[in-house]
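Notes for the structure review
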Amino acid sequence: MESAVIVQSSGIAYFCIMEVNELLKDIFEPELMAEILAVGKRKTAKEGEVIISIGQRLLFMPIVLEGTVKVSMMQPDGRELLMYYLSASEGCAMSFTCCMQEAKSEIMAVAEDDVEMWMIPVEYMDSWMHKYPSWKSFVMRTMQNRFFEMLRALDMVVFNGLDVRLSNYLREKSKISGKTVLNVSHEEIANDLASSRVVISRLLKKLENDGKVLLYRNQIKLLKDF
């Protein structure tokens, strides 16, 4: 079996079989882990790379090993709407439903930073639901968590102004990345919040004037009082 060492190349951590096993063994029973390692394959994505496109026929279901993936839907007017983020040891609920129904993807998944994933062929998903309790629990837990996240996002849109949504958006990105300096443009934020760049820029400038953030070119630094 391969060494558990992670080799760094171009900023991406290359996970070996033993490392994948260490990351996921507490989620799945040993028999299922053996199958996951046997049939799956490693996939990397650099920051900004599209992992799943809208309308794509999914052949593999990704489980994130390292990094963060942003999942969005497209509105009828062509604007993106942020749904949720995926972190280590998480799968995509929307991908599950597409795979199980053999439907085309209705979401777009983009790497927020350099990402490592373990890709599982979709033909195993249905049989594992009946064969392995831990897989069924993983799928159901994932769908439940994402459902609640989407409900919170809907609640935020309906009952809060854009200024509150913007602040929560920045806090969430900081929490996920573990950084107070966010590499994100005003245009990207506008797309994620289904707004316009002009409006977002105005709200960010107000936050800067209030001593909450510092604005740089394609960067935002969250200050202590944020």
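Here the structure is shown first, and the text comes after it.
Residues numbered from 1 in each chain as written. Predicted model: local features only at pLDDT ≥ 70, side-chain atom pairs only at ≥ 80, totals over all residues. Heavy atoms only, no water.

1. Overview of the nonpolar core
Selection criterion: Throughout this description, the term nonpolar core refers to a set of buried Ala, Val, Leu, Ile, Met, Phe, Trp, Tyr and Cys residues connected via side-chain atoms within 4.5 Å. Three labels apply to residues, based on accessible area from a 1.4 Å probe with only protein chains included: buried if under 20% of the type maximum, exposed if over 50%, partly exposed otherwise in between. In what follows, residue pairs with any heavy atoms lying within 4.5 Å of each other are defined as contacts.
Formed by 41 residues in total, the largest nonpolar core has its most connected members in Phe 28 and Trp 135. Ignoring sequence-local partners within four residues, the contact set of Phe 28 consists of Met 33, Ile 36, Ile 63, Ser 134, Trp 135 and Phe 138.

2. Description of the pattern of salt bridges
Quick reminder of the rule: When a carboxyl oxygen of Asp or Glu is within 4 Å of a side-chain nitrogen of Lys or Arg, the pair counts as a salt bridge. The secondary structure listing takes helices from DSSP runs of H or I that are at least 4 residues long and strands from runs of E that are at least 2 residues long, numbered from the N terminus.
A complete count under the given rule lists 9 salt bridges for this structure. The salt bridge partner of Asp 192 is Lys 70, with a shortest N-O separation of 2.9 Å. In this pair, Asp 192 is assigned in helix 7 (residues 186-192) and Lys 70 in strand 6 (residues 69-74), connecting sequence segments 122 residues apart. For the pair Asp 192 and Lys 70, one class covers both residues: buried. Residue Arg 146 is joined to Glu 90 by a salt bridge in which the shortest nitrogen-to-oxygen separation is 2.8 Å. Of this pair, Arg 146 sits in helix 5 (residues 133-159) while Glu 90 is found in the loop between strand 7 (80-86) and helix 3 (93-101), placing the two residues 56 residues apart along the sequence.

3. Quick notes on the sheet that holds strand 9 (residues 115-121)
What counts, and what does not: At least two bridges found by DSSP between two strands are what make those strands a pair. Angles shown run from 0 to 180 degrees and are taken between the N-to-C directions of axes, each axis being a line fitted to C-alpha atoms and, for helices, limited to the stretch in contact.
Spatially, the 3 strands line up as an open sheet ordered 3-9-5, and their pairing is antiparallel. Edge strands, defined here as strands with exactly one partner in the open sheet, are strand 3 (41-45) and strand 5 (60-66). On average, adjacent strands in this sheet sit at an angle of 35° to one another, irrespective of strand direction. Sheet contacts for helix 1 (residues 17-24): strand 5 and strand 9; angle to strand 5, the most-contacted strand, approximately 85°.

4. Here's the deal with the sheet that holds strand 12 (residues 219-222)
Strand order in the open sheet formed by 3 strands is 10-12-11, and the pairing between neighbours is antiparallel. Of all the strands in the sheet, the pair left with one neighbour each is strand 10 (181-182) and strand 11 (213-216). Of the pairings in the sheet, the one linking strand 10 to strand 12 comprises 2 bridges and is antiparallel in character. Bridge pairing links Val 181 to Lys 221 in strand 12.

5. Looking at unusual backbone geometry
Not every positive phi belongs to a glycine, and Ala 194 is a case in point at roughly 55°. Secondary-structure assignment places Ala 194 in the loop between helix 7 and helix 8 (197-209). Even without being glycine, Asn 218 reaches a positive phi, approximately 60°. Of note, Asn 218 is situated in the loop between strand 11 and strand 12.

6. What to know about helix 3
Of all the residues in helix 3, the buried ones are Ala 93, Met 94, Ser 95, Phe 96, Cys 98 and Cys 99. Glu 102, located one to two residues past helix 3, shows a positive phi value of around 55°.

7. So, helix 1
Turn by turn, an α-helix covers 3.6 residues, leaving residues three or four places apart pointing in a common direction. Just so we agree on the cut-off: In this description, the arc belongs to the directions extending from the helix axis to the C-beta atoms.
Within helix 1, burial applies to Glu 19, Val 20 and Leu 24. For helix 1, the arc enclosing every buried residue in end-on projection is 120°, short of the 170-degree limit, so these residues lie on one face.

8. Some details on the environment of Leu 24
Its location among the elements puts Leu 24 in helix 1. Taking relative accessible area as the criterion, Leu 24 reaches 0% and is therefore assigned buried. Along the primary structure Leu 24 and Ser 89 are separated by 65 residues, whereas in three dimensions their C-alpha atoms are 6.7 Å apart.

9. Observations regarding the side chain of Arg 165
Note the cut-off: Residues scored as positive are Lys and Arg, those scored as negative are Asp and Glu, and His as well as the terminal groups of each chain are ignored. Think of a polar contact as two N or O atoms within 3.5 Å of one another; within protein, one of them needs to be a possible hydrogen donor and the other a possible acceptor, and neighboring residues in sequence only count if both atoms come from side chains.
As for its position among the elements, Arg 165 is in helix 6 (residues 162-177). It turns out Arg 165 is buried and unbridged, and the closest side chain with the opposite charge, Asp 163, is 8.6 Å from it. Reaching out from Arg 165, the side chain makes a polar contact with the backbone oxygen of Leu 193 at a distance of 2.8 Å.

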